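Letter by letter, the chains look like this.
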Amino acid sequence: MKFPKLPRSIGQLSTRVLAIALGVLLTVSSLQVLPSQAEPAPPLTAGDTSEVLSQRQSPASAAIGSSSFVTAAVNRVGTAVVRIDTERTITRRTDPFLEDPFLHRFFGEGFPQQLPSEQQLRGLGSGFIIDKTGLVLTNAHVVDKADKVTVRLKDGRTFEGKVQGIDEVTDLAVVKINAGNDLPVAPLGSSSNVQVGDWAIAVGNPLGFDNTVTLGIVSTLKRSSAQVGISDKRLEFIQTDAAINPGNSGGPLLNGRGEVIGINTAIRPDAMGIGFAIPIDKAKAIASVLQRDGKVAHPYLGVQMLTLTPELAKQNNTDPNSPIQIPEINGVFVMRVVPNSPAASAGVRRGDVIVQIDGKPITSAEQLQNVVEDSRLGQALQLKLQRGNETQQLSVRTSELQNAS
C-alpha cells in the first residue's frame, strides 16, 4: 500500500519542529546537571578533613578537644595535691552520780553505764605542697586542734605533719612534712587575674574519694564572708560551680593552665552546686606570715555591723514598734559594741551609723571590715558617724583580735 507523498513544505516544517524539540530536551538535561557541576567532587584528604572539622567545631568542643586541657592542668599539679588525715582526742566530763557503787549494787545490770571519758575523732581534708622542703597549705579547720596529722602523697607515701601555724580568721594553715628536698610543688597563679567565666578545676579528696577532679567555671568574685554566712571570717571568696564537698577543703582550685588560683573550702553544707575558694593571693600573704611567726595578728574595732541604705532605714522608721529611729542615709549601722573593745573605749554606741573612715566614704560593712583589716595594729582610725541628728568625730585605735569566735 502506498502512502501519498507529503508536500515538500510540510516535510521541511516537520524537520524544523523535530530539531526544536530535540534542542529543548538537551537544554533541560543540561540544567539538571548544572547544580552538581556535571562532575563528582574530588575526594578529601586527611588534612582537608581536619580543616573542615575544625571549622565546624563549637567553642566548647574546640576548648576541650580530644586531648582535654583539664587533663593537662591536673597532670601539672596532681602529684603535689595531698590527703590530710587528722586524729583528735576529746575528753568528756564524767558524772560522779553515775559512778556511785551503791547505785550499781542496787540497780544491778539495769543501771545506765557512762560513756567513755575519752573519744577519738577522725577528720579528712586536702592540701597541696607549695615548697620543695615540704610546706603544705590547707584550711585551718582541717587541722585545728588535731593531736595527730598524717599527710599522704599521691604516690602512696605517708608522713607525719607538724602544724606550723593556723589563722582562724582566714581559715588557713601551714603544715610541714620531712620528706627530703625534692617534692612536687603546685604552681601558684594569681587570683587578681581571675575573671568571671574562667574555667575552675577543683582537685582533692571529697568524702574520702582520693584524687578526685571536678570542673566548672568561676561564678563570681569577691563574695564576702558575711554574704556566705560566716561573719567570723575576713575573706572575699571566689565562687564557683565546680563541686566542692567535705574532704575537698584545703585542696587547690586551678585555672585552665593548671595554676592554683584558690583554696577550696567546704563551708556551706547546704550549698547546692555552689563552692567557695580562698583567693591564692590572700593565701600567699598569710602563709608567709604563718611560716615565720606561727600566727597572724588581725586588727579590730569591736562592733557588730550591718550595711545600711535609706530604704532599710525608712522601713525601720515607719515601723511603729521600732525601738530607735535611724538616719535615712548610706553607711554602716552599729548593731552592737563589744564591751572593753577599742570601739567601746572610743565612745561608739549602738545605733550609730559610720559614714567615713579617715575621710573616705564607707557604704558597706564589707568595706569597713577591709579598711580595718588593712590597717596596722595600734593605728588610730578617724571615724565620722551619724548619731541621730548629730554628726560625731571619733578616733578609734585598733587592737589585736584575740579570738575569731
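Residues numbered from 1 in each chain as written. Predicted model: local features only at pLDDT ≥ 70, side-chain atom pairs only at ≥ 80, totals over all residues. Heavy atoms only, no water.

With respect to the sheet that holds strand S11 (residues 260–265)
Backbone hydrogen bonds are what pair the strands of a sheet, in a parallel or an antiparallel way. Read around the closed barrel, the six strands follow the order S7-S8-S9-S12-S11-S10; overall the barrel is antiparallel. Taking each pair of neighbouring strands and ignoring which way they run, the sheet shows an average axis angle of 45 degrees. In this sheet, strand S10 (residues 252–254) lies alongside strand S7 (residues 199–204) in antiparallel orientation, the contact comprising two bridges. By the bridge assignment, Ala202 is partnered in S10 with Leu253. Of the strands in this sheet, S7, strand S8 (212–224), S10 and S11 are in contact with helix H4 (residues 69–77), which crosses S7 at around 45 degrees. (Pairing = 2+ DSSP bridges. Helix = DSSP H or I, 4+ residues; strand = E, 2+ residues; numbered from the N terminus. Axes fitted to C-alpha atoms, helices over the stretch in contact; angles between N-to-C directions. Contact = heavy atoms within 4.5 Å.)

A closer look at H4
Among the residues making up H4, those that are buried are Phe69, Val70, Ala73, Val74 and Val77. Taken end-on, H4 shows its buried residues confined to a sector of 130 degrees, consistent with a single buried face. Where H4 begins, one side-chain oxygen reaches toward the backbone nitrogen of Val70, 3.0 Å away; that side chain belongs to Ser68. (Buried < 20%, exposed > 50% of the residue type's maximum accessible area, 1.4 Å probe, protein only. Arc of directions from axis to C-beta. Polar contact = N/O pair within 3.5 Å; in protein donor to acceptor, adjacent residues only side chain to side chain.)

Focus on helix H8 (residues 280–293)
Relative to the 20 Å expected for 14 residues at 1.5 Å per residue, H8 spans 20 Å between its end C-alpha atoms, a close match to the ideal helical length. Among the residues making up H8, those that are buried are Ile280, Ala283, Ile286, Ala287, Val289 and Leu290. Buried residues in H8 make contact with strand S2 (118–131), strand S3 (135–138), strand S5 (158–167), strand S6 (172–176), S11 and strand S12 (275–279). Phi turns positive one or two residues past the end of H8, at Gly294, with a value near 85 degrees. (Expected span 1.5 Å × (residues − 1).)

Concerning a nonpolar patch on the surface
On the surface, Trp199, Leu215 and Ile217 cluster together into a nonpolar patch covering about 240 Å² of accessible area. Looking at the secondary structure, you find Leu215 in strand S8. (Patch = residues over 30% accessible without salt bridge, like charges linked within 9 Å, V, L, I, M, F, W, Y side chains within 5 Å. Areas by Shrake-Rupley, 256 points an atom, 1.4 Å probe, with all protein chains shown as cover. Salt bridge = Lys/Arg side-chain N within 4 Å of Asp/Glu carboxyl O.)

Focus on the pattern of salt bridges
Applying the stated criterion across every chain yields a total of 13 salt bridges. In this structure, the salt-bridge partner of Arg83 is Asp85, at a minimum N-O distance of 3.1 Å. Among the ionic pairs, Arg234 bridges to Glu373, the shortest N-O distance being 2.6 Å. With Arg234 in the loop between helix H7 (225–228) and strand S9 (236–240) and Glu373 in helix H11 (residues 365–373), this pair connects stretches of sequence that are 139 residues apart. Accessibility expressed as a relative area gives 14% for Arg234, which makes it buried. For Glu373, a relative accessible area of 15% corresponds to the buried category. In the salt-bridge network here, residues are joined through shared partners; they are Arg83, Asp85, Arg152 and Asp210.

A closer look at the confidence of the model for the protein
Per-residue pLDDT for the protein has a mean of 82; in total, 75% of the residues score no lower than 70. Taken together, the stretch residues 1–7 has pLDDT below 50 and engages in zero contacts with residues farther than four places along the chain or on a different chain. Residue range residues 44–63 is modelled with pLDDT below 50. Its contacts to residues more than four positions away, or to other chains, number three contacts. (pLDDT = per-residue confidence, 0-100.)

As for the packing of aromatic side chains
Two descriptors summarise a pair of aromatic rings, namely the distance from one centre to the other and the angle between the planes of the rings. By the definition in use, this model includes two aromatic pairs. With a centroid separation of 5.0 Å and 45 degrees between ring planes, the pair formed by Phe69 and Trp199 is classed as tilted. Linking Phe69 in helix H4 with Trp199 in strand S7, this pair joins segments that are 130 residues apart in sequence. We classify Phe69 as buried; its relative accessible area is 15%. Residue Trp199 is classed as partly exposed on the basis of its relative accessible area of 32%. (Phe/Tyr/Trp six-rings, centres within 6.5 Å; stacked < 30°, edge-to-face > 60°.)

Here's the deal with the layout of surface pockets
In this structure, the largest pocket occupies an estimated 820 Å³ of space. Lining the largest pocket are 30 residues; nearest its centre among them are Ser231, Val303, Gln304, Met305 and Gln369. Every element with two or more residues in the lining of the largest pocket is listed here: H7, strand S14 (303–308) and H11. It is H11 that provides the largest number of residues to the lining of the largest pocket, a total of six residues. Partitioned by chemical class, the residues of the lining of the largest pocket number 13 nonpolar, 11 polar and six charged. (1 Å grid on protein atoms, 1.4 Å probe; cavity = no way out; pocket = protein on both sides within 12 Å on 5 of 7 lines; lining within 4 Å. Points joined across faces, edges and corners; volume = space filled by probe spheres on them. Nonpolar A, V, L, I, M, F, W, Y, C, P; charged D, E, K, R; others polar.)

Some details on the sheet that holds strand S1 (residues 81–91)
Judged by pairing direction, the barrel is antiparallel, and its six strands sit side by side in the order S1-S2-S3-S6-S5-S4 before closing back on the first. Averaged over all pairs of adjacent strands, the angle between their axes in this sheet comes to 40 degrees, without regard to strand direction. Pairing of S1 with S2, which is carried by 11 bridges, proceeds in the antiparallel orientation. Bridging across to S2, Val81 finds its partner in Phe128. Packing against the sheet, H8 makes contact with S2, S3, S5 and S6, and its axis sits at approximately 55 degrees to S6.

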